[in-house]
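# Working through the structure, step by step
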Amino acid sequence: MKGSAIVTAALPWLVIVLILAVIEAIYRTGHLPIFLPSPSMLWGSFIESPTLWPANMGPTLWKAATGFGIAAGLSLAGAGLGAVVLAAYAPIYNLGATLQSIPIIATTPLLALWLGTGAETQITIAVLVSQFPMLNGAMQGFRAADSRQREMMHCLAASPLQTLRYLILPAALPFIFAGFKIAAPAAVLGVITAEWAGAERGVGAVMLNALFAYDPPKVWLSVIAACVLAGGGYGVWALVERLVVVWDRPTELRQ
Amino acid sequence: MSRDIEIAQVGIQFHQRGETVIALEDVSLSIPKGSYTEIIGPSCCGKSTLLRLIADILAPSSGKITIGGSPPAEARRDHAIGFVFQQPTLLPWRNIRQNVALPLDVVGRTSHRRSDRTPDQLLELVGLGKFARSLPAELSGGMQQRAAIARALVLQPDVLLLDEPFGALDEITRQKMNLELLRIWTECRTTALLVTHSIAEAVFMSDEVVVMSPRPGRITARIAIPLPRPRSLAMMRDPAFTVAVNQVREALFGDEAETLPGGEAY
Ligand SMILES: Nc1ncnc2c1ncn2[C@@H]1O[C@H](COP(=O)(O)OP(=O)(O)O)[C@@H](O)[C@H]1O
Ligand SMILES: [Mg+2]
């Protein structure tokens, strides 16, 4: 049992190592196209300027985290308001959906004109692209407690605040985390896209410079950096969810 | 402490898609304190509605209900009513002990309502001592319903209302649960009112069986059960038991009772 679990966990890594080895081998025989760097070239580019990456991933990370935080606050407040004031439910939801559907490729240059190419623009974009998954999740979550459970709290003569604490919030958590897990990578990618419109530092800035300098290894490294940040954003919330939502484990469909 | 329940000329209508359903009409019933009563009747005759009126989940369109002299809303705020729903309705994120202790969290540390029994003692009482730390999803339906009963008892309710609490369980489990419920009621001496679908069960358990009929929902018979307490399964062979079962069956089916193939599960 335990041995097979280790094999299962190691298998993806083995596959990755194998693929890298194959690419390296093709490169050595001279058959790799020029836009596809070999693993050794990537490594060479990386150790050439190792401080470049933390220096640029850091700003992207904090801008994405700030934007995510603002969006989380707004979404939870909006969903909470929509749950209490029913008349506000549809307008708030529609506003979130509308903002979500505006293409950021179009808004970024406009925001850059308006706010400049500083952190404000990139954080604003991160808020715009990450708010709706969280709003959607929270709005669904605040309605997740069923009528029987609400009736039970009513029978206990629980105050509105107690009902919120003991019933509404815990019932909403799986939905809120579902939103967070989608929103965190979205915030990272939003910041990187916004950095293309001009930024001093950040993964998006490195990506753009490497592109104009025709430096394929660096372009690829910046793609990997973007994936690490976006995947990390997802991973953090998946982990928190796993630790918090212990009662809602996935079950197999065929059970 | 237990309280009596007074129901005087209560009626309630529901309006749904332009239609008016008279769920209950002119229902009067007095239930002495400390007694055990079961309500029986066909589906949709308003049994659940009656319980929900007593528990202040619904308000009557006409008539009046009092619980120990106070209106249901007051009794509810005073945590005098324990309610066991048809489904266990446990909170899935709380373990069994935390679920049983939920009413204690709501009333606070200083309430006079807190039972002398701790949640752990109540779990022992309903036979779940070993499962205090399990999550509801890890327990069978019958065990979950027992936890729901323990939760309803943790504030020492003056009135215990149970709406088909064992309806979802198989016959054998239901039989066991009924015996346990009688034992628990004997210990707690609260006023108990339970909705059931089984004639034999109603007669075996109750001091009085209330028979209801639908369209509009009303009470058609009240049958006192002269069996002594404590009850034992052997009493099911008592002639008085058979007489009472036949009385209930007649109240439910009238003349039809003659032509029905003699089983008690209708
Ligand atoms: N909240 C409600 N809204 C509309 N109709 C209701 C509602 N609750 C009960 N009813 C109606 O009242 C009648 C009695 O229902 P109920 O008390 O649940 O019956 P029982 O528990 O005896 O099966 C039914 O016809 C049902 O459709
Ligand atoms: Mg019912």
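Position numbers for residues start from 1 in each chain and track the written sequence from start to end. Here the convention is simple: chains get letters from A, ligands get numbers from 1, in the order in which they are written. Selection of residues for local features in this predicted model requires a pLDDT of at least 70, selection of side-chain atom pairs for listing and counting requires 80 or more, and totals for whole chains, interfaces and linings are taken over all residues. Each side-chain value is worked out from all heavy atoms of the structure, with water and hydrogens disregarded.

## With respect to the domain arrangement of chain A
Residue and element names in this part refer to chain A. Domain borders in the structure are assigned automatically or taken from a domain database. We note that the domain assignment places domain 1 (1-32) and domain 2 (37-244) within chain A. For domain 1 and domain 2, the distance between their C-alpha centroids amounts to 32 Å. Counting residues at the interface gives 6 residues for domain 1, matched by 5 residues for domain 2. Accessible area, probed at 1.4 Å, shrinks when two parts are joined; the buried area is that loss added up over both. When domain 1 packs against domain 2, the two sides together hide about 380 Å² of surface, and 69% of this comes from carbon and sulfur. The three residues of domain 1 that bury the most area against domain 2 are L20, E24 and Y27, which together make up 70% of that side's buried surface. Should any heavy atoms of two residues lie within 4.5 Å, those residues are counted as being in contact.

## Quick notes on the sheet that holds strand β7 (residues 191-196) of chain B
Residue and element names in this part refer to chain B. Taken together, 6 strands build an open sheet; the order of strands is β5-β6-β7-β3-β8-β9 and the sheet is mixed. For this open sheet the edge positions go to β5 (81-84) and β9 (218-224), each flanked by a neighbour on one side alone. Geometrically, the sheet is characterised by an average inter-axis angle of 20° between neighbouring strands, direction not taken into account. To obtain an axis, a line is fitted to C-alpha atoms, over the contacting stretch when the element is a helix, and the angle between two such axes runs from 0 to 180 degrees between their N-to-C directions. Only DSSP runs of H or I with at least four residues qualify as helices, and only runs of E with at least two residues qualify as strands; both kinds are numbered from the N terminus onward. Strands in contact with helix α1 (residues 47-54) are β3 (36-40), β5, β6 (159-163), β7 and β8 (208-213); relative to β6, the strand with the most contacts, it is inclined by about 150°. Criterion used throughout: strands pair if DSSP finds at least two bridges between them.

## Structural notes on the nonpolar core
By size, the foremost hydrophobic cluster in this structure holds 87 residues, and its most contacted members are I7, I54 and L161 of chain B. Top element by residues in this core is helix α8 (residues 160-196) of chain A. It accounts for 14 residues. To define a nonpolar core, start from buried Ala, Val, Leu, Ile, Met, Phe, Trp, Tyr and Cys residues and group those joined through side-chain atoms within 4.5 Å. A simple rule labels every residue: compare its accessible area, found with a 1.4 Å probe on the protein chains alone, to the largest value its type can have, and call it buried under 20%, exposed over 50%, or partly exposed in between. The next biggest cluster of nonpolar side chains, apart from the first, holds 55 residues, and it includes I96, M143, F166 and V211 of chain B.

## Focus on the pairing of β9 of chain B
Residues and elements named next belong to chain B. Pairing of β8 with β9 involves 6 bridges; the strand directions are antiparallel. In the sheet register, V210 faces β9, and the bridge partner there is R222. The loop that links β8 with its antiparallel partner β9 comprises 4 residues; one of these, R215, has a positive phi angle of about 50°.

## So, the pairing of β8 of chain B
Residue and element names in this part refer to chain B. Buried residues dominate β8, accounting for 6 of its 6 residues. With 4 bridges joining them, β3 and β8 adopt parallel strand pairing. Paired with I39 across the bridge in β8 is V210.

## Overview of the site of ligand 1
Residues and elements named next belong to chain B. Each residue is tested against the molecule or strand, and it is near if at least one of its non-hydrogen atoms lies within 4 Å. Near ligand 1 the following residues occur: F14, Q16, V21, A23, S43, C44, C45, G46, K47, S48 and T49. The definition of a polar contact used here is a pair of N or O atoms within 3.5 Å, where within protein one atom must be able to donate a hydrogen and the other to accept one, and adjacent residues in sequence count solely through side-chain atom pairs. Backbone polar atom of C45 to an oxygen atom of ligand 1: 3.2 Å apart, as the coordinates give it. S48 places a polar side-chain atom, nitrogen or oxygen, 2.7 Å from an oxygen atom of ligand 1. Accessible areas in this description were obtained via Shrake-Rupley with a 1.4 Å probe; residue shielding takes into account the shown protein chains only. Coverage of ligand 1 by the protein amounts to 69% of the 560 Å² it exposes when considered alone. Each residue belonging to the shell around ligand 1 can be placed in one class, and the counts come to 5 nonpolar, 5 polar and 1 charged. Throughout this entry, Asp, Glu, Lys and Arg are counted as charged residues, while Ala, Val, Leu, Ile, Met, Phe, Trp, Tyr, Cys and Pro are counted as nonpolar. The remaining residues, Gly among them, count as polar.

## A look at the packing of aromatic side chains
All names here are of chain A. Stacked, tilted and edge-to-face are the three classes assigned to paired rings of Phe, Tyr and Trp, where Trp is represented by its six-membered ring and a pair needs centres within 6.5 Å; plane angles under 30 degrees give stacked, over 60 edge-to-face, the rest tilted. Throughout the structure, instances matching the rule amount to 10 aromatic pairs over all chains. Each ring, one from F180 and one from W237, has its centre 4.7 Å from the other, and the planes form 70°; the classification is edge-to-face. Here the residue F180 occupies a position in helix α8, and W237 occupies one in helix α10 (residues 216-244), the gap between them amounting to 57 residues. With a relative accessible area of 9%, F180 lands in the buried category. Within the aromatic cluster, the residues linked to one another by ring pairs are F68, F177, F180 and W237. Whether a charge sits over a ring depends on NZ of Lys or CZ of Arg being within 6 Å of the ring centre and within 35 degrees of the ring normal. Above the plane of the ring of Y89 lies R143, whose end atom (NZ or CZ) is 4.4 Å from the centre.

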